[in-house]
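Commentary on secondary and tertiary structure
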Amino acid sequence: MADYPSSIPAPIDATQTPEWQALREHLDKLRASGFSLKQQFANDPQRVRKLSFDLPDLHFDLSKNLVTDETVRLLAALGRAVHLEERRDLMFSGAHINTTEDRAVLHSALRRPADECGQLIVDGQDCVADVHEVLGRMYAFADRVRSGSWRGVSGKRIETVLSIGIGGSDLGPVMAYEALKPYADAGIAVRYVSNIDPNDMAEKTRDLDPETTLVIIVSKTFTTLETMTNAREARAWLLGALKERGAIDDTDASAAAAIKSHFVAVSTNLELVSDFGIDPENAFGFWSWVGGRYSVDAAVGLSLVIALGPQVFEDFLSGFHDVDTYFATTPLERNVVALMGLINVWYVNFLKSPTHAVLPYDQHLHRFPAYLQQLTMESNGKSTRWDGTPATTETGEVFWGEAGTNGQHAFYQLIHQGRMVPADFIAFANTPNPAKDGAQDVHELFLGNFLAQTKALAFGKTADEVRAEGTAEWMVPARCFGGNRPTTSIFGVGLDAHALGELIALYEHITFVEGTVWGLDSYDQWGVELGKQLAKQITPAFHDDEALSAQDASTQALIAFYRKNRR
């Protein structure tokens with residue numbers, strides 16, 4: 001575009017490259033040859049070895065994907081054709097690759113070690129030094145809460161943290177807290193409130209002791225509608241409950257002391273933090289170069305530091321950093337992070353699969369698919385490229401999933417015998433809660449299901465195999481499984497903080513790889529703005545006839561239903 005203002009090079013149209021055409025021709029050949037995973041395994045005894053990869057805590061088996069050696073070679077060539085490695089390097093260096101907001105994209109700086117201070121100066125700021133200054137303050141504050149030296153207004157130690165945020169300020173911390181609950185060692189529980197629905201706040205505070213509750217308000221600007229509405233509701237609940245107990249009186253000074261003892265903020269808007277009643281010394285900031293959905297390892301993770309402790313959080317950051325380093329330095333053909341992203345492009349654009357399942361065989365990861373929904377779909381759910389031109393092919397996938405054997409009894413029917421859904425299966429060799437059912441190790445039974453599902457999806461079951469079981473001929477088709485359903489197996493040693501950091505960074509960079517091929521700015525989210533703007537216009541219409549008259553006919557009818565039925 002003639003008026004494209006950024007110094008970041010305009011995206012390459014991947015669909016017009018020889019590498020894209022080569023992949024089309026390659027797919028035609030695979031289809032003509034009757035590609036079969038069963039046959040691929042039979043023909044190549046080295047297939048598993050060639051398509052297996054390792055990170056410090058995670059082992060990857062890509063062999064059950066619908067790819068050959070040639071597919072991998074061509075996908076790596078496509079990555080180079082769209083300058084994937086160059087754009088990766090720009091991101092890590094702090095170039096403003098978020099072009100629509102003219103910002104750097106530096107979530108990787110959140111986990112760089114302190115000995116790298118002075119090595120990343122962006123827009124005049126030492127990013128790593130800034131990060132470690134905030135981390136130091138977070139750790140000191142968390143130690144005070146965990147040790148009991150920070151106490152509520154009535155002198156009682158903190159037993160529950162109520163974290164209020166939304167989107168990236170909520171989904172990441174909730175997911176990580178659930179994943180790492182076995183490591184919460186301070187006797188402090190965390191509850192998360194995000195939905196503006198009053199039911200969320202009511203249920204989360206119903207049985208809380210206000211004298212032992214610490215509230216963290218997570219909003220970079222301290223203006224987010226949902227977060228600040230919930231924050232005011234939490235303040236009213238806490239002050240009301242403390243007064244009812246006699247812990248504070250009706251004076252403004254007593255209320256102010258309670259707010260300072262029970263509220264802290266993750267925000268950079270210190271003026272509004274102070275206006276709310278929070279001591280700005282108890283505000284922990286992060287930066288414009290960190291998007292919300294990439295911020296769990298920033299101050300947004302303060303609730304995790306309190307529950308888990310600074311050392312566990314350091315292990316968490318180390319896991320991220322190990323994947324960052326691997327992704328930045330490993331050639332594409334052997335870079336499992338890049339390959340997983342490129343293989344996703346293969347499924348979306350060439351095999352026309354619109355969804356992707358993430359299936360963790362670990363109950364502690366039950367919120368991981370929901371976390372990935374925001375990470376991937378808010379990043380790449382776009383139809384405009386980073387220079388303002390229209391996307392030239394399908395973009396994004398619908399990410400979804402469910403934990404463990406629950407999903408087997410819900411939607412696995414579809415992925416076995418319905419539409420093709422590429423799926424990532426995640427499991428761990430060790431569990432913090434071993435159990436026996438008689439002589440049976442329950443975790444091994446669980447892992448048996450993890451292994452059986454990927455085997456069944458890959459290799460299926462033929463009509464002859466079904467007949468050999470004595471099945472009536474008319475029922476044979478219903479009991480056949482075609483196989484060739486692609487999966488990636490991610491097998492970890494154990495789900496600890498380091499492994500979780502690796503998993504999150506893995507999908508962050510997978511998202512980046514896909515966005516680069518599609519030419520997207522994966523770090524803005526303008527699609528969420530229109531609904532926010534309209535909500536502010538529509539809300540007065542519940543009680544204002546003039547505002548109601550400005551609405552469309554459908555909205556007017558729905559508000560009429562509300563007015564008639566609101567008790």
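Residues numbered from 1 in each chain as written. Predicted model: local features only at pLDDT ≥ 70, side-chain atom pairs only at ≥ 80, totals over all residues. Heavy atoms only, no water.

Our working rule: UniProt positions are given in the numbering used here, feature names are shortened, and annotations may be inferred rather than shown by experiment.
Looking at an unreviewed UniProt entry, the chain carries the name Glucose-6-phosphate isomerase, with the source organism given as Olsenella uli. Taken verbatim from the UniProt record of the chain, the Catalytic activity (unreviewed entry) comment is "alpha-D-glucose 6-phosphate = beta-D-fructose 6-phosphate". A UniProt comment under Subcellular location (unreviewed entry) is attached to the chain, and it reads "Cytoplasm".

1. Notes on the pattern of salt bridges
Note the cut-off: By definition, a salt bridge exists where a carboxyl oxygen of Asp or Glu is found within 4 Å of a side-chain nitrogen of Lys or Arg. Put simply, DSSP marks the helices as runs of H or I at least four residues long and the strands as runs of E at least two long, and each gets a number from the N terminus on. Relative accessible area decides the class of each residue, using a 1.4 Å probe on protein chains only: under 20% of the type maximum gives buried, over 50% gives exposed, and in between gives partly exposed.
Within the structure shown, the criterion is met by 28 salt bridges. As a salt-bridge pair, Arg111 and Glu508 come within 2.7 Å of each other at their nearest N and O atoms. Placement of the pair is Arg111 in the loop between α5 (84-93) and β3 (121-122) and Glu508 in helix α20 (residues 497-518), with a sequence separation of 397 residues. For Arg111, a relative accessible area of 3% corresponds to the buried category. Put simply, Arg111, Asp297, Asp324 and Glu508 are held in one network by salt bridges that share partners.

2. Things to note about the UniProt feature "active site" (unreviewed entry) in the chain
To be explicit about the condition: Two residues form a contact once any of their heavy atoms are found within 4.5 Å. Polar contacts here mean pairs of N or O atoms no more than 3.5 Å apart (in protein, one a potential hydrogen donor and the other a potential acceptor; neighbouring residues in sequence count only if both atoms are side-chain atoms).
Mapped onto this structure's residue numbering, the UniProt feature "active site" (unreviewed entry) falls at Glu378, His409 and Lys532. Taken along the chain, the residues just named run across 155 residues; in space they spread out, the farthest C-alpha pair reaching 37.1 Å. Relative to the helices and strands, Glu378 is located in helix α15 (residues 368-380). For Glu378, a relative accessible area of 22% corresponds to the partly exposed category. Not counting chain neighbours up to four residues away, the residues in contact with Glu378 comprise Arg293, Gln373, Asp524, Gln525 and Val528. At 2.9 Å, the side chain of Glu378 forms a polar contact with the side chain of Arg293. Position of His409 among the secondary structure elements: in the loop between α16 (404-408) and α17 (412-417).

3. A short note on the pairing of strand β7 (residues 213-218)
The cut-off we apply is this: Pairing between strands requires that DSSP locate at least two bridges from one strand to the other.
Burial within β7 is extensive, with six of its six residues counted as buried. Residues Thr213, Val215 and Ile217 line one face of β7 and the alternating positions Leu214, Ile216 and Val218 line the opposite face, and both faces are buried. The pairing of strand β5 (residues 160-164) with β7 spans five bridges and is parallel. Looking at the pairing, Leu162 lines up with Val215 of β7. With four bridges connecting them, β7 and strand β8 (residues 263-266) associate as parallel partners. By the bridge assignment, Val215 is partnered in β8 with Phe263.

4. As for the packing of helix α8 (residues 198-205) against helix α9 (residues 225-245)
Applicable threshold: Here the axes come from fitting lines to C-alpha atoms, over the contacting stretch only for helices, and the angles between their N-to-C directions go from 0 to 180 degrees. Rotating anticlockwise by less than a right angle from the far helix to the near helix defines a left-handed crossing, while the corresponding clockwise rotation defines a right-handed one. Side-chain classes follow a simple rule in which Ala, Val, Leu, Ile, Met, Phe, Trp, Tyr, Cys and Pro form the nonpolar group, Asp, Glu, Lys and Arg form the charged group, and the remainder, Gly included, forms the polar group.
Where α8 contacts α9, the axes come no closer than 11 Å and their chain directions differ by 40°. In the crossing of α8 with α9, the sense of the turn from one axis to the other is right-handed. Judged by residue contacts, Pro198, Met201 and Thr205 of α8 engage Asn230, Glu233, Ala234 and Trp237 from α9. Counted by class, the contact of α8 with α9 contains four nonpolar, two polar and one charged residues.

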